[in-house]
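Descriptive structure summary
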Amino acid sequence: MTSQEFLKNNFNIPPKVIELIESAEKSCLDIFKKIDEIVEYNQYKVIYHFQKNKLSDIHFNGTTGYGYGDIGRDVIEKIYAGIFGAEDALVRPQIVSGTHAISIVLFGNLKPNEELISASGKPYDTLEEVIGIKGEGRGSLRECGIIYKEVPLLENGEMDVEGIKKAITSKTKMIMIQRSKGYDYRKSFTIAEIGEVIKEIRKVKEDIIVFVDNCYGEFTEKKEPTEVGADIVAGSLIKNIGGGIAPTGGYVVGKKELVENASYKLYAPGIGKEVGPSLGFNRLILQGLFFAPKVVGEALKGAVLLSKVMSDLGYEVLPEYNEERTDIVQAVKFRTEKELISFIQGIQLGSYVDAHVLPEPWDMPGYQDKVIMAAGGFIQGSSIELSADAPIREPYTAYVQGGLSYPQVKLAISIALSRIYS
Ligand SMILES: *Cc1c(COP(=O)(O)O)cnc(C)c1O
């Protein structure tokens, strides 16, 4: 039996859906080759830094309590720093998410009356409360007297370099750039674009801290933002860089002093990086890092296929299948609410965990509209595993990301499509 026959016989995928996907896949093969080259490069990069730091069996053991002398944790941080071409890193299970990692960078490196500028327009939803531009502001940067400014993106979706340069004042301490679109219908910023903007910023003020929100970006290109001038970056271990294996955690990588400042907020001033038990997670963090380039490649191929097949069917997609990618997020605009819900439910039905439950739109805290989410992975909230989210509002956009294995993404797309196109 062929794989196509298995799909038809066991998953009841209509032949015309199978044909559509097979034909879209053929058009993607050249793009897949380019992804393979990035995967290969990043796999070598990871192994190089494993070897350079003499990774051994003994590093897999963890510590408890204070976590003093956790040599596994320390070697992980050296490996991360190496991969990012940076001085130092903080890679911890105590950092619970991307938002948390970003938050400790901000709180650790900004003081009252200093200014933070977002160069990429509105930041990711959860950061609005961290900054204090949404909600009551309790505990926010604003409450600490930190000034915040935002430079909107240009009509064409690019960063407004002139606007950013003009926004810089004597108080400007940090400029933040969000690499991935996240859940906004805008383009994501490539490493080359980020590098160019950083160069322009430095022309105005040399010593500004450039901070990049690197969530969803790791290993989608050969370089990371710290290799083109960013001073510090942060992200989540249950996205790209955890390879689907790290059970929790976040990271901060960059200049030594800035990383240390972040560690003072995570733990306590003066204590910082010296503490933090790895609790037996060292091996999983390393194993995840080892697999991450490959897993990111699978997720990218899944996103490319989805983009191609949906645009073949006349839907608006971002990015197009053959556009350069710098994150794993694929946005698709649906025509009706019914179609959107049906598609997201289809993604859930293609999962390997909880494939028997049907997600429904719900009132999620912190969101204006109802939200529907498909997620059936091994790790709660993991979005390097295939997942799809959509607020229920026009223009009915689904954001789809992740996939540990390309065939699973293909299966989920097949099921989702057979629900809206048959
Ligand atoms: C996911 C994400 C975050 C926040 O990460 P969480 O782990 O969900 O807290 C921040 N910025 C961007 C661009 C993201 O994609």
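This is a predicted model, so every value here is computed, not measured.

**Focus: the overall build of the protein**
Helices and strands together make up the secondary structure of the protein, namely 11 helices and 12 strands. Its C-alpha atoms give the protein a radius of gyration of 21 Å, near enough to 22 Å, the size a compact globule of 422 residues would have. With 422 residues in all, the protein has 58% of them scored as buried. As displayed, the protein has an accessible area near 17,800 Å², and 53% of this comes from carbon and sulfur atoms. Computed over 48 positive and 57 negative side-chain charges, the inter-centroid distance for the protein is 2 Å.

**Side note on the pairing of strand E5 (residues 209-213)**
With respect to burial, E5 is a largely interior element, five of its five residues being buried. Burial along E5 is two-sided: the face carrying Ile-209, Phe-211 and Asp-213 and the face carrying Val-210 and Val-212 are both buried. Pairing geometry for strand E4 (residues 172-178) and E5, over five bridges, is parallel. Looking at E5, one finds that Ile-175 is bridged to Val-210. Pairing geometry for E5 and strand E6 (residues 232-236), over three bridges, is parallel.

**Focus: the domain arrangement of the protein**
Along its sequence, the protein is organised into domain 1 (3-42 + 292-420) and domain 2 (53-289). When each unit is reduced to the centre of its C-alpha atoms, the spacing between domain 1 and domain 2 is 27 Å. Listed per partner, the contact involves 34 residues of domain 1 and 33 residues of domain 2. Where domain 1 abuts domain 2, roughly 2,700 Å² becomes buried across the two surfaces, and 60% of that area is made up of carbon and sulfur atoms. Summed over the shared surface of domain 1 and domain 2, the result is two salt bridges.

**Describing the site of the ligand**
By nearness alone, every residue bordering the ligand is listed as Ser-97, Gly-98, Thr-99, Ile-102, Tyr-124, Gln-178, Asp-213, Cys-215, Tyr-216, Ser-236 and Lys-239. At 3.4 Å, a side-chain N or O of Ser-97 approaches an oxygen atom of the ligand. Measuring from a nitrogen atom of the ligand, one finds a side-chain N or O atom of Asp-213 at 2.6 Å. If the ligand stood free it would expose 370 Å²; the protein chains cover 89% of that surface. Put simply, the ligand lies in the largest pocket. The element contributing the most residues to the shell around the ligand is helix H4 (residues 98-109), with three residues. Looking at the shell around the ligand, its residues break down into four nonpolar, five polar and two charged.

**Describing the layout of surface pockets**
The computed volume of the largest pocket comes to approximately 1,200 Å³. Taken together, 44 residues form the lining of the largest pocket, with Tyr-124, Thr-126, Tyr-183, Met-364 and Tyr-367 sitting closest to its centre. Elements with a contribution of two residues or more to the lining of the largest pocket: H4, helix H5 (125-131), strand E10 (371-375), strand E11 (387-391) and strand E12 (397-401). Its residues assigned to classes, the lining of the largest pocket shows 17 nonpolar, 16 polar and 11 charged. A domain split of the lining of the largest pocket shows at least three residues from each of domain 1 (3-42 + 292-420) and domain 2 (53-289). Approximately 300 Å³ is the volume found for the second largest pocket. Residue lining of the second largest pocket: 14 residues in total, with Lys-34, Ile-38, Thr-220, Glu-324 and Arg-325 positioned closest to the centre. Looking at the lining of the second largest pocket, the elements with two or more residues in it are helix H2 (15-52) and helix H9 (282-312). Take the lining of the second largest pocket: its biggest share by element is four residues, from H2.

**Structural notes on helix H3 (residues 71-83)**
Its 13 residues place the ends of H3 18 Å apart at the C-alpha level, agreeing with the 18 Å of an ideal helix rising 1.5 Å per residue. Along H3, the residues that are buried comprise Gly-72, Arg-73, Val-75, Ile-76, Glu-77, Ile-79, Tyr-80, Ala-81 and Ile-83. Contact partners of the buried residues in H3: H2, strand E1 (88-92), strand E7 (250-254) and H9.

**Describing the packing of H2 against H9**
Each pair of packed helices gets described by two things: the angle between the helix axes and the distance between those axes. It is at 8 Å that the axes of H2 and H9 come closest, and there the two elements cross at 160 degrees. One finds that H2 runs roughly antiparallel with respect to H9. The way H2 lies across H9 gives a crossing that is right-handed. Counted by class, the contact of H2 with H9 contains 19 nonpolar, four polar and six charged residues.

Thresholds, definitions, all that
- Residues numbered from 1 in each chain as written.
- Predicted model: local features only at pLDDT ≥ 70, side-chain atom pairs only at ≥ 80, totals over all residues.
- Heavy atoms only, no water.
- Helix = DSSP H or I, 4+ residues; strand = E, 2+ residues; numbered from the N terminus.
- Rg over C-alpha atoms; globule rule 2.2 N^0.38 Å.
- Buried < 20%, exposed > 50% of the residue type's maximum accessible area, 1.4 Å probe, protein only.
- Areas by Shrake-Rupley, 256 points an atom, 1.4 Å probe, with all protein chains shown as cover.
- Lys, Arg positive; Asp, Glu negative; His and termini not counted.
- Charge placed at Lys NZ, Arg CZ, Asp CG, Glu CD.
- Pairing = 2+ DSSP bridges.
- Domains from an automatic or database assignment.
- Contact = heavy atoms within 4.5 Å.
- Buried area = accessible area lost by both parts, 1.4 Å probe.
- Salt bridge = Lys/Arg side-chain N within 4 Å of Asp/Glu carboxyl O.
- Near = heavy atom within 4 Å.
- Polar contact = N/O pair within 3.5 Å; in protein donor to acceptor, adjacent residues only side chain to side chain.
- 1 Å grid on protein atoms, 1.4 Å probe; cavity = no way out; pocket = protein on both sides within 12 Å on 5 of 7 lines; lining within 4 Å.
- Sits in = over half its atoms within 2 Å of the grid points.
- Nonpolar A, V, L, I, M, F, W, Y, C, P; charged D, E, K, R; others polar.
- Points joined across faces, edges and corners; volume = space filled by probe spheres on them.
- Expected span 1.5 Å × (residues − 1).
- Axes fitted to C-alpha atoms, helices over the stretch in contact; angles between N-to-C directions.
- Parallel < 35°, antiparallel > 145°, perpendicular 65-115°, else oblique.
- Left-handed = near helix turned anticlockwise from the far one by under 90°.

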